[in-house]
Amino acid sequence: MTATAEPTRRQRREKGQSTRPKRSRRSAAQARLGWMLAGPAFVIMLAVTAYPIGQAIFDSMFSQRLTAPDDRSFVFLGNYTTIFTDPVFWTALGVTGLITVITVAVELILGFALALVMHRALKKVRGVLRTAILVPYGIITVVSAFAWYYMFDINSGFVNSWFSWIPGISGDLDWFSNFGTAVTIIMASEIWKTTPFIALLLLAGLAQVPEELVEAARVDGATWWQQMARVTIPNMKAAIMVAVLFRALDAFRIFDNVFIMTRGESGTEVLALLAYRTSIERLEIGLGSAISVVLFACVLLICFIAIKVFNVDLASGTDASSGKGGKK
């Protein structure tokens, strides 16, 4: 008696059938229970966020200043045309993208190293080590930004004293007057503050890697790098995607550090600060709302790209392209 093989995803797609595997009654019941438990919170969150987003889109269609609230005219996409033809917007977008790419990349590398240290640490020191590593993440962002600002400030900073012994340097360097040094300090403060968050997420991913697979690779003679590349990292794909996605979205909306350290001077203005300046300082509600909508659209684009690149089904922990589980 021969058993017929289950049709593959490609065969089902060619026959016009659904490529998703049929769910059992138990999984369907669990899905319904999940929606029942999370549904009220989801509806409340949607109601709280939908109105501000809709209001911002609506305001972006008008030319309006708070100094003249009655002088409002409908311009449709005129505000978007203004910002897309303004070099200030593109400069702010470039600075925002630069900070996002560099900080997320460095945080991913450092966070993975810290996650390995915490994962391999002895049980006696594991709790203390994890607490010490996570301390920077527990500090409020504004407090962290002020701490880094006072470290490098030309008047109150103590970092200048470290270079006073170098000939030709008097120890009064103005770190925030130059784009290169200013943006480096901003990125360093971001990396110091949020790397523990990446490490925490990756530590959860490391805990999901089957030890028997790592041991089998070691017995087969695989080197440490081969174990990482072929066993550990592929089985952490979902955790890596969540870490990169969360941090990229947060880094792209950076505001506190830039506002406190430079206020956008020396070419360090980012999109969130540009929207703040336009809406709050210049009181141009329509133009500021258009910048906020573009920022929101960029965040959605980042989500879409990350999900497509990693192609992971977070609900089941499987590779959405192959339908195979994360555990191989």
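All values derive from a computational prediction rather than experimental measurement. (Residues numbered from 1 in each chain as written. Predicted model: local features only at pLDDT ≥ 70, side-chain atom pairs only at ≥ 80, totals over all residues. Heavy atoms only, no water.)

### With respect to unusual backbone geometry
Our working definition: The helix and strand labels rest on DSSP assignments: H or I over at least four residues marks a helix, E over at least two residues marks a strand, and numbering proceeds from the N terminus. Burial classification: accessible surface area is computed with a 1.4 Å probe over protein chains only, and a residue below 20% of its type maximum counts as buried, one above 50% as exposed, and the rest as partly exposed.
The phi dihedral of phenylalanine 76 is positive, around 55 degrees, even though this residue is not glycine. Assignment of secondary structure puts phenylalanine 76 in the loop between strand E2 (68-74) and helix H3 (78-84). Relative accessible area serves as the criterion here: at 46%, phenylalanine 76 is assigned to the partly exposed category. Phi is positive for arginine 263, close to 55 degrees, though the residue is something other than glycine. Mapped onto the fold, arginine 263 is located in the loop between helix H11 (256-261) and helix H12 (271-281).

### Structural notes on the UniProt feature "transmembrane region" (unreviewed entry) in the chain
Cut-off, in case you're wondering: UniProt positions are given in the numbering used here, feature names are shortened, and annotations may be inferred rather than shown by experiment.
The feature "transmembrane region" (unreviewed entry), as given by UniProt, occupies residues 33-53, 88-116, 128-151 and 285-307 in the numbering adopted here. As annotated, residues 33-53 has a helix share of 100% and a strand share of 0%, and its two end C-alpha atoms lie 30 Å apart. Helix makes up 100% of residues 285-307 and strand 0%, with an end-to-end C-alpha separation of 33 Å.

### Overview of helix H13 (residues 285-310)
What counts, and what does not: Helices are assigned an expected span. That span is 1.5 Å times one less than the residue count.
Between its terminal C-alpha atoms H13 stretches 38 Å, which fits the 38 Å expected from 26 residues at 1.5 Å a residue. Downstream of H13 by a residue or two, asparagine 311 has a phi angle that is positive, lying close to 55 degrees.

### Quick look at H12
Within H12 the residues assigned to the buried category are Leu271, Ala272, Leu273, Leu274, Ala275, Thr278 and Ser279. Positive backbone phi, approximately 60 degrees, marks leucine 283, located one or two places after H12.

### Focus on the nonpolar core
How we decide: Only buried residues count toward a nonpolar core, which is a set of Ala, Val, Leu, Ile, Met, Phe, Trp, Tyr and Cys residues joined through side-chain atoms within 4.5 Å.
Core analysis: the biggest nonpolar cluster contains 46 residues, and Ile83, Phe112, Leu202, Met236 and Phe252 have the highest contact counts within it. Going through the elements one at a time, H3, helix H4 (87-120), helix H7 (179-207), helix H8 (211-219), helix H9 (224-232), helix H10 (237-252), H12 and H13 are the ones with two or more residues in this core. Core analysis: the next-biggest nonpolar cluster, separate from the first, contains 21 residues, Val95, Met151, Ile260 and Leu273 among them.

### Here we look at the pattern of salt bridges
Quick note on the threshold: Salt bridges are defined by distance alone: a side-chain nitrogen of Lys or Arg within 4 Å of a carboxyl oxygen of Asp or Glu.
Applying the stated rule across the entire model yields nine salt bridges. A salt bridge links arginine 247 to glutamate 107; the nearest nitrogen and oxygen atoms lie 2.6 Å apart. Highlighted residues: arginine 247 in helix H10 and glutamate 107 in helix H4, separated in sequence by 140 residues. Each member of the pair, arginine 247 as well as glutamate 107, carries the same accessibility label: buried. The closest approach of N and O atoms between arginine 282 and glutamate 284, which form a salt bridge, is 3.2 Å. Here arginine 282 falls in the partly exposed class, since its relative accessible area comes to 42%. Since its relative accessible area comes to 17%, glutamate 284 is described here as buried. Connected through shared salt-bridge partners, Glu107, Glu190, Arg247, Asp250 and Arg253 make up one network.

### Some words on the side chain of threonine 195
Defined as follows: Residues adjacent in sequence count toward polar contacts only when both atoms are side-chain atoms; beyond that, a polar contact is any pair of N or O atoms within 3.5 Å, and within protein one must be able to donate a hydrogen and the other to accept it.
Mapped onto the secondary structure, threonine 195 falls in helix H7. Owing to a relative accessible area of 5%, threonine 195 belongs among the buried residues under this scheme. A polar contact is formed between the side chain of threonine 195 and the backbone oxygen of isoleucine 191, at a distance of 2.5 Å.

### Digging into the pairing of strand E1 (residues 62-65)
The cut-off we apply is this: Any two strands with at least two DSSP bridges between them are considered paired.
Side chains of E1 alternate between two faces, with Phe62 and Gln64 buried and Ser63 and Arg65 left unburied. Linkage of E1 to E2, two consecutive antiparallel strands, is achieved through a turn of two residues.

### Concerning the packing of helix H6 (residues 141-152) against H7
What counts, and what does not: To get an axis, a line is fitted to the C-alpha atoms, and for a helix only the part in contact is used. The angle between two axes follows their N-to-C directions and goes from 0 to 180 degrees. These descriptions rest on fixed angle ranges, namely under 35 degrees for roughly parallel, over 145 for roughly antiparallel, 65 to 115 for roughly perpendicular, and the rest for oblique. The handedness criterion is simple: a crossing whose near helix is rotated anticlockwise from the far helix by less than a right angle is left-handed, and one whose near helix is rotated clockwise is right-handed. Residue contacts follow a heavy-atom distance rule, with two residues in contact if any of their heavy atoms lie within 4.5 Å. Polarity classes work like this: nonpolar for Ala, Val, Leu, Ile, Met, Phe, Trp, Tyr, Cys and Pro, charged for Asp, Glu, Lys and Arg, and polar for all others, with Gly in that last group.
Put simply, H6 and H7 touch, their axes get as near as 10 Å, and they point 135 degrees apart. Judged by the angle between their axes, H6 and H7 are oblique. Relative to H7, H6 is oriented so that their crossing is right-handed. On H7, the residues that touch Thr141, Ser144, Trp148 and Phe152 of H6 are Ile185, Ala188, Ser189, Trp192 and Lys193. Classifying every residue of the contact of H6 with H7 gives five nonpolar, three polar and one charged.

### Considerations on the packing of aromatic side chains
The relative placement of two aromatic rings is captured by the distance of their centres and the angle of their planes. Applied cut-off: Here the aromatic set is Phe, Tyr and Trp, taking the six-membered ring for Trp, and pairing holds for ring centres within 6.5 Å; pairs whose planes are under 30 degrees apart are stacked, those over 60 apart are edge-to-face, and all others are tilted. The criterion for a charge sitting over a ring is simple: Lys NZ or Arg CZ within 6 Å of the ring centre, and within 35 degrees of the ring normal.
Per the counting criterion, the structure on display carries 19 aromatic pairs. Their ring planes at 35 degrees and their centres at 6.1 Å tell us that phenylalanine 74 and phenylalanine 76 sit as a pair that is tilted. On the basis of relative accessible area, phenylalanine 74 is assigned to the exposed category, the value being 53%. Between phenylalanine 146 and tyrosine 150 the ring centres are 6.0 Å apart and the planes differ by 20 degrees, which places this aromatic pair in the stacked class. With phenylalanine 146 and tyrosine 150 both in helix H6, this residue pair falls four residues apart, about one helical turn. These aromatic residues form a ring-pair network of at least three members: Phe58, Phe62, Phe74 and Phe76. Note that arginine 72 overlies the ring of phenylalanine 62, its terminal NZ or CZ placed 4.2 Å from the centroid. The lysine or arginine in question, arginine 263, covers the ring of phenylalanine 259, its NZ or CZ lying 4.3 Å from the ring centre.

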